[in-house]
Amino acid sequence: CRVNARGFNDAVAQMYQSAVGATRETAAVANRLDYGQTAGSEKNWIPFLSGEKLYYAYTPQPHVIIEAHADGSIEKRHSTSFKPLQQMLKDNPGLEARGSGQAVFVNDTARTANLPAAHYLALMHLYDKSTKRYSHYAYRFAAEPPFMVLQVSDRLPLTEAEAESSGVPFAFASGLAVANGTVAVSYGAG
C-alpha cells in the first residue's frame, strides 16, 4: 500500500500471502508479493500449486506465470499468449482480461473429452472499461511449464443482480471447485 502525508487516502490494493498455521498465541505473518506495480491496484492473481511450488497466473493475457516465495519475493517464470484471446483484446481495446479465484488441477480424461489431458481449470473475467461491466469465462491451461492457455469457454451464464447503489448490475465469480466430476463456481451479485 502507499501512504501519503495525510494517511491512507490514496492507498491501493496489493497482493499478500501468509503461511497457514497461526494460533491464538502466534499471529500469521503476511508478506506483500513483490511484483507488479505499487502505484496502482494489484489483484486478481490466480494461485496454483505445481509440484511443491506456489505459482500465480499474474495475467490471463499474456498468460504471465510467476513463482512466489514465502518471503514475498517473486520470480517471473513464463509468458505465453493465447491467440484467440489476444486477437479479441486487440479488436476490443476497451476490454481488460483479469483473473478470478484460484486454479484447480484436473486429471480426469474420461470427463474432459474436449481436453483429454491433465490441466488446470481457472476463471477469468473481461472488464469493459466503458460500461464497467464484467463477463466471466473458464479457461484451461497446461499442467506443465510454461503453463500455456489451451482453451477458453463461452461466457459463463452468471445471474446478475442490481447493484446496491447507483452502479450497474453485476455478478462476479470468485471461487472454483471440482468434485466428483462437477465444477462449482461461486460468485457474488449485486
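Coordinates for the structure precede this section.
Residues numbered from 1 in each chain as written. Predicted model: local features only at pLDDT ≥ 70, side-chain atom pairs only at ≥ 80, totals over all residues. Heavy atoms only, no water.

**A few points about the overall build of the chain**
If you tally the helices and strands in the chain, you get 1 helix and 12 strands. Start at the N end of the chain and walk to the C end: the helices and strands fall as β-β-β-β-β-β-α-β-β-β-β-β-β. In terms of overall size, the chain behaves like a compact globule, its C-alpha atoms giving a radius of gyration of 18 Å where 190 residues would be expected to give roughly 16 Å. Across the 190 residues in the chain, those meeting the buried criterion constitute 36%. Sequence separation of 24 or more characterises 44% of the internal contacts of the chain that already satisfy a separation of 6 or more. Put simply, the chain shows about 11,000 Å² of open surface, and 52% of that area lies on carbon and sulfur atoms. Positive and negative side-chain charges of the chain, numbering 17 and 17 respectively, have mean locations separated by a distance of 4 Å. (Helix = DSSP H or I, 4+ residues; strand = E, 2+ residues; numbered from the N terminus. Rg over C-alpha atoms; globule rule 2.2 N^0.38 Å. Buried < 20%, exposed > 50% of the residue type's maximum accessible area, 1.4 Å probe, protein only. Contact = heavy atoms within 4.5 Å. Areas by Shrake-Rupley, 256 points an atom, 1.4 Å probe, with all protein chains shown as cover. Lys, Arg positive; Asp, Glu negative; His and termini not counted. Charge placed at Lys NZ, Arg CZ, Asp CG, Glu CD.)

**Side note on the nonpolar core**
Of all hydrophobic cores here, the largest spans 20 residues; its most connected members are Phe48, Tyr139 and Phe141. Of all the secondary structure elements, the ones that give two or more residues to this core are strand S3 (46-50), strand S4 (53-60), helix H1 (83-91), strand S7 (95-106), strand S8 (119-128) and strand S9 (133-142). If you tally residues by element for this core, the top one is S8, at 4 residues. Aside from chain neighbours lying at most four places away, what touches phenylalanine 141 is Phe48, His63, Ala103, His119, Tyr120, Ala122, Phe147, Met148, Val149 and Leu150. (Core = buried A, V, L, I, M, F, W, Y, C linked by side-chain atoms within 4.5 Å.)

**Comments concerning the pairing of strand S6 (residues 74-80)**
Bridge count between strand S5 (residues 63-68) and S6: 6 bridges; the pairing is antiparallel. Bridge pairing links isoleucine 66 to lysine 76 in S6. Counting the residues in the hairpin turn of S5 and S6 gives 5 residues, including glycine 72, whose phi is positive at 95°. (Pairing = 2+ DSSP bridges.)

**Structural notes on the side chain of threonine 80**
With respect to the helices and strands, the residue threonine 80 is situated in strand S6. Given the relative accessible area of 13%, threonine 80 is considered buried. The contact partners of threonine 80, leaving out residues within four places of it in the chain, are Gln61, Pro62, His63, Pro146, Met148 and Val149.

**Thoughts on the sheet that holds S3**
Spatially, 4 strands are ordered S3-S4-S5-S6 in an open sheet, and the strand pairing comes out antiparallel. Whereas interior strands pair on both sides, the edge strands pair on one side only; in this sheet they are S3 and S6. Within the sheet, the average angular offset between the axes of one strand and its neighbour, ignoring direction, is 30°. With 5 bridges connecting them, S3 and S4 associate as antiparallel partners. Counterpart to phenylalanine 48 in the pairing with S4 is tyrosine 55. (Axes fitted to C-alpha atoms, helices over the stretch in contact; angles between N-to-C directions.)

**A closer look at a nonpolar patch on the surface**
Where nonpolar side chains cluster on the molecular surface, the patch consists of Val178, Val183, Val185 and Tyr187 and spans about 280 Å² of accessible area. Here the nonpolar patch takes 3 residues from strand S12 (residues 182-189), the largest share from any one element. (Patch = residues over 30% accessible without salt bridge, like charges linked within 9 Å, V, L, I, M, F, W, Y side chains within 5 Å. Salt bridge = Lys/Arg side-chain N within 4 Å of Asp/Glu carboxyl O.)

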